[in-house]
Amino acid sequence: MKAIDVVSWLVFPAAVIAVLGGGVWAIDAGYPASLVAGIGTFVSVTLVVILERVLPYRQEWNHSQGDLGTDALYLPCYFGINALVQPVVVAGIVLGGAMVSESFGVGLWPSDWPLLAQFLLACIVVEFFDYWPHRWLHEVPFLWRFHAIHHNPKRLYWMNATRAHFGEVVFRGIFNAIPLALLGAGAEVLALIGLANSLLGLFQHANINFKLGPLNWIFSVGEMHRWHHSVKVSEANHNYGSNFLFWDVVFRTQFRDAQRSGPEQLGIEKDRIPDSWWAQLSVPFKRR
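Bear in mind that the values here come from a model prediction, so they are computed numbers and not experimental data.

S.K.: I'd love a proper account of the overall build of the chain, names of residues and values included.
M.R.: Along the backbone of the chain there are 11 helices and 0 strands. Going from N to C terminus, the chain has its helices and strands arranged as α-α-α-α-α-α-α-α-α-α-α. For 288 residues, the compact-globule estimate of 2.2 N^0.38 gives 19 Å, and the C-alpha radius of gyration of the chain, at 19 Å, lies within 12% of that figure. Seen along its three principal axes, the alpha-carbon backbone of the chain occupies a region of about 55 × 55 × 35 Å. Split into buried and exposed, the 288 residues of the chain put 47% on the buried side. Counting only carbon and sulfur atoms, one obtains 68% of the accessible surface of the chain, whose full area is about 14,100 Å². Side chains of the chain carry 20 positive and 21 negative charges; the gap between the two charge centres is 10 Å.

S.K.: I'd like a rundown of the packing of helix H4 (residues 115-139) against helix H7 (residues 187-205), residues and numbers included.
M.R.: Here H4 crosses H7 at 60°, and the two axes come no closer than 10 Å. Here H4 is positioned oblique relative to H7, judged by the angle of their axes. Seen from above, H4 lies across H7 with right-handed handedness. On H7, the residues that touch Leu115, Gln118, Phe119, Ala122 and Cys123 of H4 are Glu188, Val189, Leu192, Ile193 and Ala196. Its residues assigned to classes, the contact of H4 with H7 comprises 8 nonpolar, 1 polar and 1 charged.

S.K.: Requested: an account of the pattern of salt bridges, with residues and values cited.
M.R.: It is possible for side chains bearing opposite charge to pair when their charged atoms get close. In the structure shown here, the tally under the stated rule is 10 salt bridges. In this structure, arginine 135 engages glutamate 139 in a salt bridge whose closest nitrogen and oxygen atoms are separated by 2.8 Å. With arginine 135 and glutamate 139 both in helix H4 and 4 residues apart, the pair spans about one turn of that helix. Take arginine 135: its relative accessible area is 18%, and that puts it in the buried class. Taken together, the shared-partner salt bridges connect Glu235, Asp257, Arg260 and Glu264 into one network.

S.K.: Give me the lowdown on the side chain of histidine 238, citing residues and values where you can.
M.R.: With respect to the helices and strands, the residue histidine 238 is situated in the loop between helix H9 (233-236) and helix H10 (246-250). When its relative accessible area of 18% is taken as the criterion, histidine 238 is described as buried. Here the side chain of histidine 238 touches glutamate 235 through a polar contact of 3.3 Å, landing on its backbone oxygen.

S.K.: Just give me the short version of helix H6 (residues 166-183), but keep the residues and values in it.
M.R.: With 18 residues, H6 ought to run about 26 Å at 1.5 Å a step, and its terminal C-alpha atoms sit 27 Å apart, in line with that. Buried residues of H6: Glu168, Val169, Arg172, Gly173, Ala177, Pro179, Leu180 and Ala181, and no others. Positive phi appears at glycine 184, one or two residues downstream of H6, with a value of about 90°.

S.K.: Before we move on, can you summarise the nonpolar core with the specific residues and values?
M.R.: If you look at the biggest cluster of nonpolar residues, it comprises 44 residues, and the most contacted ones within it are Phe12, Leu180, Leu200, Phe203, Ile208, Phe210 and Val221. Broken down by secondary-structure element, the contributors of at least two residues to this core are helix H1 (3-28), helix H2 (33-54), H4 and H7. In terms of residue count, H7 provides more of this core than any other element does, 10 residues in total. In this structure, leucine 200 is in contact with Phe12, Val16, Phe219, Val221, Asn243 and Phe244, ignoring residues within four places of it in sequence. Tyr74, Ile149, Ile268 and Ile273 belong to the second-largest nonpolar core, a separate cluster that totals 6 residues.

S.K.: I'd like to hear about a nonpolar patch on the surface, residue by residue, with values.
M.R.: Judged by side-chain polarity, Leu35, Ile39, Phe42 and Val43 come together as a nonpolar surface patch covering roughly 390 Å² of accessible area. Among the structural elements, phenylalanine 42 can be located in helix H2. Its relative accessible area of 60% is what places phenylalanine 42 among the exposed residues.

S.K.: So what's going on with the environment of glutamine 59? Residues and values would help.
M.R.: Mapped onto the elements of the fold, glutamine 59 is located in the loop between H2 and helix H3 (68-104). Once the C-alpha coordinates of glutamine 59 and isoleucine 208 are considered, the two residues, 149 residues apart in sequence, prove to be 9.6 Å apart.

S.K.: Explain the packing of aromatic side chains to me, using residue names and the numbers behind them.
M.R.: Aromatic ring pairs are reported here in terms of the distance separating the ring centres and the angle at which the planes meet. Under the defined criterion, the tally for this structure stands at 22 aromatic pairs. With centroids separated by 5.3 Å and ring planes inclined at 40°, the aromatic side chains of phenylalanine 219 and phenylalanine 244 adopt a geometry described as tilted. With phenylalanine 219 in the loop between H7 and helix H8 (223-228) and phenylalanine 244 in the loop between H9 and H10, this residue pair connects regions lying 25 residues apart in the sequence. Residues phenylalanine 219 and phenylalanine 244 agree in their burial class; the two are buried. An aromatic cluster is defined as three or more aromatic residues linked by ring pairs; in this entry it consists of Phe128, Phe129, Tyr131, Trp132, Trp136, Phe171, Phe175, Tyr240, Trp247 and Phe251.

S.K.: If you had to explain the packing of H4 against helix H5 (residues 141-151) to someone new, which residues and values would you point to?
M.R.: The N-to-C vectors of H4 and H5 enclose an angle of 100°; their axes lie 6 Å apart at closest approach. Looking at the two axes, H4 sits roughly perpendicular to H5. Along its contact with H4, which presents His134, Trp136, Leu137, His138 and Glu139, the element H5 presents Pro141, Leu143, Trp144, His147 and His151. Taken together, the residues of the contact of H4 with H5 sort by class into 5 nonpolar, 4 polar and 1 charged.

Thresholds, definitions, all that
Residues numbered from 1 in each chain as written. Predicted model: local features only at pLDDT ≥ 70, side-chain atom pairs only at ≥ 80, totals over all residues. Heavy atoms only, no water. Helix = DSSP H or I, 4+ residues; strand = E, 2+ residues; numbered from the N terminus. Rg over C-alpha atoms; globule rule 2.2 N^0.38 Å. Buried < 20%, exposed > 50% of the residue type's maximum accessible area, 1.4 Å probe, protein only. Areas by Shrake-Rupley, 256 points an atom, 1.4 Å probe, with all protein chains shown as cover. Lys, Arg positive; Asp, Glu negative; His and termini not counted. Charge placed at Lys NZ, Arg CZ, Asp CG, Glu CD. Axes fitted to C-alpha atoms, helices over the stretch in contact; angles between N-to-C directions. Parallel < 35°, antiparallel > 145°, perpendicular 65-115°, else oblique. Left-handed = near helix turned anticlockwise from the far one by under 90°. Contact = heavy atoms within 4.5 Å. Nonpolar A, V, L, I, M, F, W, Y, C, P; charged D, E, K, R; others polar. Salt bridge = Lys/Arg side-chain N within 4 Å of Asp/Glu carboxyl O. Polar contact = N/O pair within 3.5 Å; in protein donor to acceptor, adjacent residues only side chain to side chain. Expected span 1.5 Å × (residues − 1). Core = buried A, V, L, I, M, F, W, Y, C linked by side-chain atoms within 4.5 Å. Patch = residues over 30% accessible without salt bridge, like charges linked within 9 Å, V, L, I, M, F, W, Y side chains within 5 Å. Phe/Tyr/Trp six-rings, centres within 6.5 Å; stacked < 30°, edge-to-face > 60°.

Set out below in structure tokens:
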């Protein structure tokens, strides 16, 4: 086996162990959760950007197709809207969660569990509350108008992970904030979920030639997510999991053609979405 093949098999599990495993260890060791999440996200971005250059899945995807400027505008907007929406939603739900816990006379979240166990439980819960909104974005015509912007690119690379209309960001952000806040999960768990979203979201869209093998049943990244961006609807309407494929397996929407590493073409058939960021904001509200 060539050295590059070994790297292709090891790079993703090594990143997960180093970033997420390191995050759990650091928070358990007493480091501030927000600091751990911030450093972990910076490391994740740096790692993925470097790997796209040294281990690309498709060399041509490392070159702009007129989309770089638009994606550069979506990046701060995505994080900015999340920063505004989620705290407000969480604050309201936390009050509701406190009332529910008080009525039961016991906390709903297993705060006495080890942090790693809490994090794994949180992943399962959050994924359920993101699976269905994501699936609705594909199956409900009005919602698809918002989500189509994310499927517009003809290539996948790290920066278009945040290419999402503000309407979609708010819609999915509300659902993402509900479960853990309502159940009363602590700041440490929320920070780890944020870190997982950063790392796995980057690897999900990254132009990196990495292999998963049996992990294709668990993680919605790389090879599995490329099918979700196929120009063929019969291939794209699968693999809805944000980071993991737990619920795709349960609801039988997991898809992978073992004979191919990915679809021949990405994007939307008969695509009429404009290229500029500003023009794309009005797309969902125009008659088609």
